[in-house]
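Commentary on secondary and tertiary structure
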Amino acid sequence: MARALINVPKTAKRGQVIEIKTLISHEMETGFRPDRVGKLIPRDIINTFVCSYNGIEVFRADLHPAIAANPFLTFTTVATESGVLDFKWTDDDGKIFAEKANIVVE
Amino acid sequence: MLLSLLAVLLLAPAHAAEIPQAEKKSGYDFMTPETKAMQDELTSNPGMLTVLDGEALWNRKTGAANRACADCHQDASNSMKGVAARYPAFDAARGRPVNLDQRINACRTERQQATPLPPESKDLLALSAYVATQSRGMPIAPPDDPRLKPFREAGEKIYELRQGQLNLSCGQCHDQNWGKKLAGATIPQAHPNGYPLYRLEWQAMGSLQRRLRNCLIGMRAEHYEFGAPEYIDLELYLMSRARGLPIETPAVRP
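Residues numbered from 1 in each chain as written. Chains lettered and ligands numbered in written order. Predicted model: local features only at pLDDT ≥ 70, side-chain atom pairs only at ≥ 80, totals over all residues. Heavy atoms only, no water.

**Re the overall build of chain A**
How we decide: Secondary structure counts use DSSP, requiring at least four H or I residues in a row for a helix and at least two E residues in a row for a strand, with both numbered from the N terminus. Exposed residues in this analysis have more than 50% of their type's maximum accessible area, buried residues have under 20%, and partly exposed residues fall in between, with area computed by a 1.4 Å probe over protein chains only. Note on contacts: a residue pair is in contact if any heavy atoms of the two residues lie within 4.5 Å. All accessible areas in this document rest on Shrake-Rupley with a 1.4 Å probe, and a residue is counted as covered only by the protein chains that are shown. Positive charge is attributed to Lys and Arg, negative charge to Asp and Glu, and no charge count is given to His or to the chain ends. Lys charges are placed at NZ, Arg charges at CZ, Asp charges at CG and Glu charges at CD.
Across its full length, chain A carries zero helices and eight strands. Scanning chain A from its N terminus toward the C terminus, one meets helices and strands in the order β-β-β-β-β-β-β-β. Per-residue burial over chain A gives 43% buried out of 106 residues. Taking the contacts inside chain A whose residues are at least 6 apart along the sequence as the reference set, 58% of them involve residues at least 24 apart. Carbon and sulfur atoms make up 53% of the accessible area of chain A, which totals about 6,100 Å². Chain A carries 13 positive and 14 negative side-chain charges, and their two centres are separated by 3 Å.

Below, the structure is given as structure tokens:
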């Protein structure tokens, strides 16, 4: 099971630029590594990350095989209104990992 | 650069005095501000993912006894506080010191009646990181147990021994040349205060023994099996050398 750590300010002023940090556990298997008998281990990386803020997409990233295990992404957005930030990571296996965080905007 | 350092090392004496207390520095002190920030901030420290796994295991019933660690030890922040700072400790049943991983596995087999967790396995690293992080910030305080003395001395012998195809001792790098560069890496003082830790090069958590194996391979010396008594003796010596430094588990290292 994947684990994620999210760092979002609990409160912010309207119009403030806030920094969001996300960390998720994932092997990020590149597809280039041989196993013990020399067979390539199939690629399995998180290929997409999306963050939505009250349902509106505010950040998206496409990830590639050179990205290290347990990808750490930080980005910023503007605090517009109180609500929920949704985070979604999708890997090559089609597995989806989701997390949320609440924010109060004054 | 590498060759010239090696030339210096080969000429240097194998034994030197221990680093004075005031000059002791954690591996942390040699890191870049970015790597320090990654370790300090618990939501960006990848070792915390493993600590959370450990917390889940702590509370999960397992084995023929169907008991969780928490059933006997309750709240780890209380019962396990300071434990990592004083391991390895003497185990009367085995007649020799055991490290934290072995102590945890003893509870797994004897108290939970479950199979022991293999060295470097995800679950053992997770439990060990979870137990050790309860001592985060506490100074390393090796026990004064006289029964440990011969084992600590055996560890010191290995530390001072010139070995491998490069004919180097641990002390030649870590006592005599700490702070200098070996290729891209800064040579730290070899303190065991962050383990298990997340190493960026590994892209994973690893134990002190994995780190020691890396150094032995770098010296082109023969390394030991995980769990070998030599590693425990070395750990005992490294812990006494690091007395007073704070536990940083889960640390981050380059």
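**Concerning the sheet that holds strand β3 (residues 17-24) of chain A**
Spelled out, the test is: Pairing between strands requires that DSSP locate at least two bridges from one strand to the other. Helix axes are fitted only over the stretch in contact, all axes being lines through C-alpha atoms; the angle between N-to-C directions runs from 0 to 180 degrees.
In space, the three strands of this open sheet follow the order β1-β3-β6 (chain A), with antiparallel pairing throughout. Bordering the open sheet on either side are β1 (4-7) and β6 (72-78) of chain A, each of which pairs with just one other strand. Across the sheet, the mean angle separating the axes of adjacent strands is 15° when strand polarity is ignored. Note: β1 of chain A against β3 of chain A, four bridges, orientation antiparallel. Opposite Ala4 of chain A, over in β3 of chain A, you have Ile24 of chain A as the bridge partner. Contacts from helix α3 (residues 47-58) of chain B reach β1 and β3 of chain A within the one sheet, and its direction differs from that of β1 of chain A by about 120°.

**Re the interface of chain A and chain B**
Rule in force here: Once two parts are joined, some of their accessible surface, as seen by a 1.4 Å probe, is lost; buried area is that loss totalled over both. When a carboxyl oxygen of Asp or Glu is within 4 Å of a side-chain nitrogen of Lys or Arg, the pair counts as a salt bridge. In protein, a polar contact means a hydrogen-donor-capable atom and an acceptor-capable atom, both N or O and within 3.5 Å, with residues adjacent in sequence counting only if both atoms are side-chain atoms; elsewhere, any N or O pair within 3.5 Å suffices. Polarity classes work like this: nonpolar for Ala, Val, Leu, Ile, Met, Phe, Trp, Tyr, Cys and Pro, charged for Asp, Glu, Lys and Arg, and polar for all others, with Gly in that last group.
On the chain B side, the residues contacting the 14 residues of chain A number 14 residues. Each partner contributes to the roughly 1,100 Å² buried at the junction of chain A and chain B, and carbon and sulfur atoms together form 58% of this total. Broken down residue by residue, the surface that chain A buries against chain B is led by Arg3, Leu5 and Leu23 of chain A, which jointly contribute 48%. Counting the contacts that link chain A with chain B gives three salt bridges. For Glu27 of chain A, the salt bridge identified is with Lys122 of chain B, shortest N-O distance 3.7 Å. Inspection of the chain A/chain B interface yields six residue pairs in polar contact (both at pLDDT 80 or more). Of the residues that constitute the side of chain A that touches chain B, the class distribution is eight nonpolar, three polar and three charged.

**Considerations on the state of the cysteines**
Residue and element names in this part refer to chain B. Our working definition: Criterion for a disulfide: a pair of cysteine sulfur atoms within 2.5 Å.
A full pass over the atoms with the stated rule returns zero disulfides over all chains. Free cysteine: Cys170, not disulfide-bonded; nearest cysteine sulfur from Cys215 at 7.5 Å. In this structure Cys170 comes out as buried when scored by relative accessible area, which is 14%. Of all cysteine sulfurs in the structure, the one in Cys215 sits closest to Cys173, which takes part in no disulfide; the separation is 7.7 Å.

**Regarding the pairing of strand β4 (residues 46-53) of chain A**
Residues and elements named next belong to chain A. Of all eight residues making up β4, seven are buried, and the element is well covered by its neighbours. Examined bridge by bridge, β4 and strand β5 (residues 56-62) share six bridges and lie antiparallel to one another. Within the sheet, the bridge partner assigned to Ser52 lies in β5 and is Glu57. The hairpin turn running from β4 into β5, its antiparallel successor, is two residues long, and Asn54 in that turn takes a positive phi close to 45°.

**A word on the sheet that holds strand β6 (residues 204-206) of chain B**
All names here are of chain B. As summarised here, the arrangement of the three strands in space is β6-β5-β7, forming an open sheet in which the pairing is mixed. For this open sheet the edge positions go to β6 and β7 (252-253), each flanked by a neighbour on one side alone. Helix α10 (residues 208-218) contacts β5 (197-199) and β6 of the sheet and is inclined by roughly 90° relative to β6.

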